[in-house]
Amino acid sequence: HNIQNRLPDLSNVEQIYNLACPASPVHYQKDPVSTLSTCFVGTQNLLELAKARNIRILHTSTSEVYGDPSIHPQPEHYWGNVNSFGPRACYDEGKRVAEALCYAYKEQYGVDIRIARIFNTYGPRMAASDGRVVSSFIASALAGEDLKITGDGKSTRSFQYVTDCIQGLYTLMESSYNQGPVNIGNDGEFTIQQLAEMTIDAVAQMTGRSKVSITYLPPLADDPVVRRPDISLARKILGWEPTVRLQDGLQKTIQWHIDQGESR
């Protein structure tokens, strides 16, 4: 169902996990108005359901609410540095207004909310055409093509394996904490250059093929220079932290892509 539209009659709903939104720049920039509508109208439809049923809702926000941060790593109390008039604004500001909606429904109607700010997450089942960096790098390396880095490769990101993310979301949902957003991410920080080199080496080792090269493209507009979560709050209130190393998660993800290629 498209949550921008009126929800159907749903029975036996005990909790709501709202993960509905395109998360890749390639996808959310195709239809920025729809992306904003998903964030505002869609989230409001789900909050209305939560209010009517008196049930708990977990909204998945994003590290992009911090924009190009002036504080590093990023704690939940940092308000961010976001451009509201640019190609990424539909997603960044959409997620920010969704958080504001959650706060408003909590204060005005007593809705039991949870907000998770998810940092870069990867793993099996991400389409090669998804447009996000891990799946794009793996697909290119397996195809024998150059890995394309936008910018000089010095920008940093923190990569969280999908099982860690799932555990974080579930633990937050089942917790009593509803006072504000919680960062759910891996606090290991890597440059895009490091990720590219790790991917190239792993693919070559796992397939026996020659290593591919790296091509550098112009930087993207408003692309954050650094990204790393401060997960002190999640450790304190949830007893949660990521356990999967990037090297291990990459191997699992690469193997899935290899298996998919062989099955085709």
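How each quantity is defined
Residues numbered from 1 in each chain as written. Predicted model: local features only at pLDDT ≥ 70, side-chain atom pairs only at ≥ 80, totals over all residues. Heavy atoms only, no water. Helix = DSSP H or I, 4+ residues; strand = E, 2+ residues; numbered from the N terminus. Rg over C-alpha atoms; globule rule 2.2 N^0.38 Å. Buried < 20%, exposed > 50% of the residue type's maximum accessible area, 1.4 Å probe, protein only. Areas by Shrake-Rupley, 256 points an atom, 1.4 Å probe, with all protein chains shown as cover. Patch = residues over 30% accessible without salt bridge, like charges linked within 9 Å, V, L, I, M, F, W, Y side chains within 5 Å. Salt bridge = Lys/Arg side-chain N within 4 Å of Asp/Glu carboxyl O. Pairing = 2+ DSSP bridges. Axes fitted to C-alpha atoms, helices over the stretch in contact; angles between N-to-C directions. Contact = heavy atoms within 4.5 Å. Parallel < 35°, antiparallel > 145°, perpendicular 65-115°, else oblique. Left-handed = near helix turned anticlockwise from the far one by under 90°. Disulfide = S-S within 2.5 Å. Phe/Tyr/Trp six-rings, centres within 6.5 Å; stacked < 30°, edge-to-face > 60°.

Things to note about the overall build of the protein chain
Looking only at helices and strands, one finds 8 helices and 10 strands in the protein chain. The C-alpha radius of gyration computed for the protein chain amounts to 19 Å, which stays within 12% of the reference 18 Å derived for 264 residues, consistent with globular compactness. Along the longest, intermediate and shortest principal axes, the C-alpha atoms of the protein chain span 60 × 40 × 40 Å. Looking at the 264 residues of the protein chain, the share that counts as buried comes to 45%. By element, 50% of the accessible surface of the protein chain is carried by carbon and sulfur atoms, the whole surface being about 13,100 Å².

What about a nonpolar patch on the surface?
Together, Tyr17, Leu19 and Tyr170 give the surface a local cluster of nonpolar side chains, amounting to about 310 Å² of exposed area. Tracing the sequence through the fold places Leu19 in the loop between β1 (15-18) and α1 (25-28).

Some remarks on the sheet that holds strand β8 (residues 181-184)
Taking strand neighbours across the sheet as the criterion, the 4 strands line up as β1-β2-β3-β8 in an open arrangement whose pairing is parallel. Lying at the two open borders of the sheet, with one neighbouring strand each, are β1 and β8. Across the sheet, the mean angle from the axis of one strand to that of its neighbour is 25°, orientation sign disregarded. Strand direction decides the pairing type here: strand β3 (residues 113-118) and β8, joined by 4 bridges, are parallel. Following the sheet pairing, Ile115 is matched in β8 by Pro181. On top of the sheet, helix α2 (residues 32-53) reaches β1, β2 (56-62) and β3; it is set at about 170° to β1, its chief contact.

Let's talk about the packing of α2 against helix α3 (residues 89-109)
Remark: α2 packs on α3, axes separated minimally by 9 Å, with the N-to-C direction vectors making an angle of 20°. When the axis of α2 is compared with that of α3, the two are roughly parallel. α3 is crossed by α2, and the crossing has right-handed handedness. Between α2, through Pro32, Thr35, Leu36, Cys39, Phe40, Thr43, Gln44, Leu47, Glu48 and Lys51, and α3, the contact on the second element is made entirely by Cys90, Tyr91, Gly94, Lys95, Val97, Ala98, Leu101, Cys102, Tyr105 and Tyr109.

Section: the state of the cysteines
Enumeration over the complete set of coordinates arrives at 0 disulfides. Free cysteine Cys21: the closest other cysteine sulfur is in Cys39, separated by 3.8 Å.

Section: the pattern of salt bridges
A complete count under the given rule lists 15 salt bridges for this structure. Linking Arg235 and Asp187 is a salt bridge whose minimum nitrogen-to-oxygen distance equals 3.1 Å. On the criterion of sequence distance, the pair formed by Arg235 in helix α7 (residues 232-238) and Asp187 in the loop between β8 and β9 (190-191) is long-range, its members being 48 residues apart. Where Asp248 meets Arg245, a salt bridge forms, and the shortest distance between an N and an O atom there is 3.2 Å.

Things to note about the packing of aromatic side chains
Considering all chains together, one arrives at 5 aromatic pairs under this definition. Consider the rings of Tyr66 and Tyr78, whose centres lie 6.0 Å apart with planes at 15°: the pair is stacked. Taken as a pair, Tyr66 in the loop between β2 and α3 and Tyr78 in the loop between β2 and α3 lie far apart in primary sequence, 12 residues in all. Ring geometry for Tyr105 against Tyr109: centres 5.1 Å apart, planes inclined by 55°, an arrangement best described as tilted. Here Tyr109 and Tyr105 lie together in helix α3, a separation of 4 residues that amounts to about one turn. On the basis of relative accessible area, Tyr105 is assigned to the buried category, the value being 5%. Linked through ring pairs, Tyr66, Tyr78 and Phe119 together constitute an aromatic cluster.

So, to be careful, I would describe these as geometric facts and stop short of saying anything about function.
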